[in-house]
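Secondary and tertiary structure notes
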Amino acid sequence: MAEFDAIERQPFNRILLTGAAGGLGQVLRPRVRPFARQVRLSDISEMAPAEGSFEEVVTCDLADKAGVDRLVEGCDAILHFGGVSTEHAFETILGANICGVFHLYEAARRHGVKRVIFASSNHVIGFYRQSDRLDGLSPPRPDSYYGLSKAFGEDMATFYYDRYGIETVSIRIGSSFPEPQNVRMLDTWLSYDDLVQLVERGLFTEQVGHTIVYGASANRNLWWDNRYAAHLGYAPKDSSEPWRATIEALPPLAADDPVRHYQGGAFVAAGPFEG
Ligand code: NAI
Ligand code: 15L
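Residues numbered from 1 in each chain as written. Chains lettered and ligands numbered in written order. Predicted model: local features only at pLDDT ≥ 70, side-chain atom pairs only at ≥ 80, totals over all residues. Heavy atoms only, no water.

Scanning the protein for helices and strands turns up eight helices and nine strands. Its C-alpha radius of gyration of 18 Å places the protein within 12% of the 19 Å reference for a compact globule of 275 residues. Over its C-alpha atoms, taken along the principal directions, the protein stretches across nearly 55 × 50 × 40 Å. Within the protein, the fraction of its 275 residues that count as buried is 52%. For the protein, long-range pairs separated by at least 24 residues make up 68% of all intrachain contacts whose partners lie at least 6 apart in sequence. When the accessible surface of the protein is totalled, it reaches about 12600 Å², and 52% of it is carbon and sulfur. If you average the places of the 26 positive and of the 36 negative side-chain charges in the protein, the two averages end up 3 Å apart. (Helix = DSSP H or I, 4+ residues; strand = E, 2+ residues; numbered from the N terminus. Rg over C-alpha atoms; globule rule 2.2 N^0.38 Å. Buried < 20%, exposed > 50% of the residue type's maximum accessible area, 1.4 Å probe, protein only. Contact = heavy atoms within 4.5 Å. Areas by Shrake-Rupley, 256 points an atom, 1.4 Å probe, with all protein chains shown as cover. Lys, Arg positive; Asp, Glu negative; His and termini not counted. Charge placed at Lys NZ, Arg CZ, Asp CG, Glu CD.)

If you want it as structure tokens, here you go:
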């Protein structure tokens, strides 16, 4: 939206980007520079030393409460992209995603952070059928421990807004990769440019409370209605359509493959995790 782009806005003083060494973290790292005077990059993995004085690197495990408290100090906004990003045993998800999101909001409260962008996931609603049409008020149907952890993160965001006034935009990201990889991703794909647009609008839109927005590009079949996030003015520019012919020419999936039936695709069939 032209009006949004034209708004005079103050960049944040220091934005924290968790998960900075990950796939989306590496995409966001150069693209959040205009949003803040300084960017603090963090991950559990080591990263190459930052270039330029506007970047700093702090290695931190999200499961470490005291470490996360130090990590957040001095920041005025957080892009929370760190954590376990696929399905695993509950015990693996627990520290990084469940304790991690609590540590992050508690540190945000202690250090006066007012805005968080939470990388939530379509796996919060992954057990819905692909024929279902959802909006931001549709009840969660997590498809995995991973999806449960993202639902918990969204609830954490609601609680910290209601109790402490910390505002969050939770982006229920579909599939954000350079290109869609299968028939499901023709519907769930989110281009990197559209992801950055969502992050920017999440950071700079006034009064978001806790807003849940679905992160998909302008794909032909949209499962998700963003009417309750209309105040963000998200207007996706990309579409999966240029990849349709290539993907539809791939060998067909089995008739009962969950990738064909469930919004969360293969995640609905992961586990159990025993022994
Ligand atoms: P990724 O797995 O490439 O990146 C996640 C990063 O978090 C990694 O660099 C990892 O080292 C770090 N991490 C893991 N455990 C940690 C811990 N205990 N403490 C600190 N850092 C830890 O995932 P990707 O694709 O970059 O996703 C980023 C975020 O977006 C994740 O939260 C993921 O759940 C979410 N998301 C991504 C989607 C996608 O299509 N790429 C779709 C939906 C959600
Ligand atoms: C996610 O939440 C994952 O982080 C990502 O790796 C993909 O699996 C994506 O969802 C998806 O559903 O395609």
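That covers the picture; the talk isn't over yet.
Let us look at the site of ligand 1. Surrounding ligand 1, one finds 26 residues, the nearest of these being L24, D43, S85, Y146 and S176. Within the backbone of I44, one N or O atom sits 3.3 Å away from a nitrogen atom of ligand 1. K150 has a polar side-chain atom sitting 2.9 Å from an oxygen atom of ligand 1. Look at ligand 1: alone it shows 820 Å² of surface, and the protein chains cover 85% of it. (Near = heavy atom within 4 Å. Polar contact = N/O pair within 3.5 Å; in protein donor to acceptor, adjacent residues only side chain to side chain.)

As a further point, take the nonpolar core. The nonpolar side chains of soluble globular proteins are, as a tendency, buried together. Among the nonpolar cores identified, the biggest contains 32 residues, and L79, F81, V199 and L203 are the most heavily contacted of them. Going through the elements one at a time, strand 1 (12–18), helix 2 (23–31), strand 2 (36–43), strand 4 (77–80), strand 5 (115–121), strand 7 (167–173) and helix 7 (192–204) are the ones with two or more residues in this core. A per-element tally of this core places helix 7 first, with six residues. Residue contacts for F81: discarding those within four places in its chain leaves L17, T18, G19, L24, L28, A119, I173, L195 and V199. (Core = buried A, V, L, I, M, F, W, Y, C linked by side-chain atoms within 4.5 Å.)

Taken in spatial order, the seven strands of this open sheet run 3-2-1-4-5-7-8, and their pairing is parallel. The outermost strands of the open sheet, each flanked by one partner alone, are strand 3 (55–59) and strand 8 (210–215). The sheet shows a mean angle of 20° between the axes of neighbouring strands, taken without regard to direction. The sheet contacts of helix 2 involve strand 1, strand 2, strand 3 and strand 7, and relative to strand 1 the element is tilted by about 160°. Contacts from helix 5 (residues 145–164) reach strand 5, strand 7 and strand 8, with the element oriented near 155° to strand 5. (Pairing = 2+ DSSP bridges. Axes fitted to C-alpha atoms, helices over the stretch in contact; angles between N-to-C directions.)

We now examine the site of ligand 2. Every residue close to ligand 2 is listed here: S85, T86, S121, N122, H123, Y146, G174, S175, F177, R184, M185 and F267. A distance of 2.6 Å separates an oxygen atom of ligand 2 from a polar side-chain atom of Y146. For ligand 2, whose unbound accessible area comes to 320 Å², protein coverage reaches 82%.

Quick look at the environment of D132 now. Within the secondary structure layout, D132 lies in the loop between strand 5 and strand 6 (134–135). Overall, D132 belongs to the partly exposed group, its relative accessible area being 25%. Residues D132 and Y105 lie 27 residues apart in sequence; the distance between their C-alpha atoms is 32 Å. Discounting chain neighbours no more than four positions away, the residues touching D132 are W223 and Q263. For D132, the side chain forms a polar contact with the main-chain nitrogen of R129, separated by 2.9 Å.

This next bit is on the pattern of salt bridges. All told, the structure shown has 13 salt bridges when counted by the stated rule. Across the pair E200 and R9 runs a salt bridge, and its minimum N-O distance is 2.5 Å. A residue pair is termed long-range when its members are at least 10 positions apart, and E200 in helix 7 and R9 in the loop between helix 1 (2–6) and strand 1 qualify at 191 residues. Accessibility expressed as a relative area gives 17% for E200, which makes it buried. (Salt bridge = Lys/Arg side-chain N within 4 Å of Asp/Glu carboxyl O.)

Keep in mind these values describe shape, not function.
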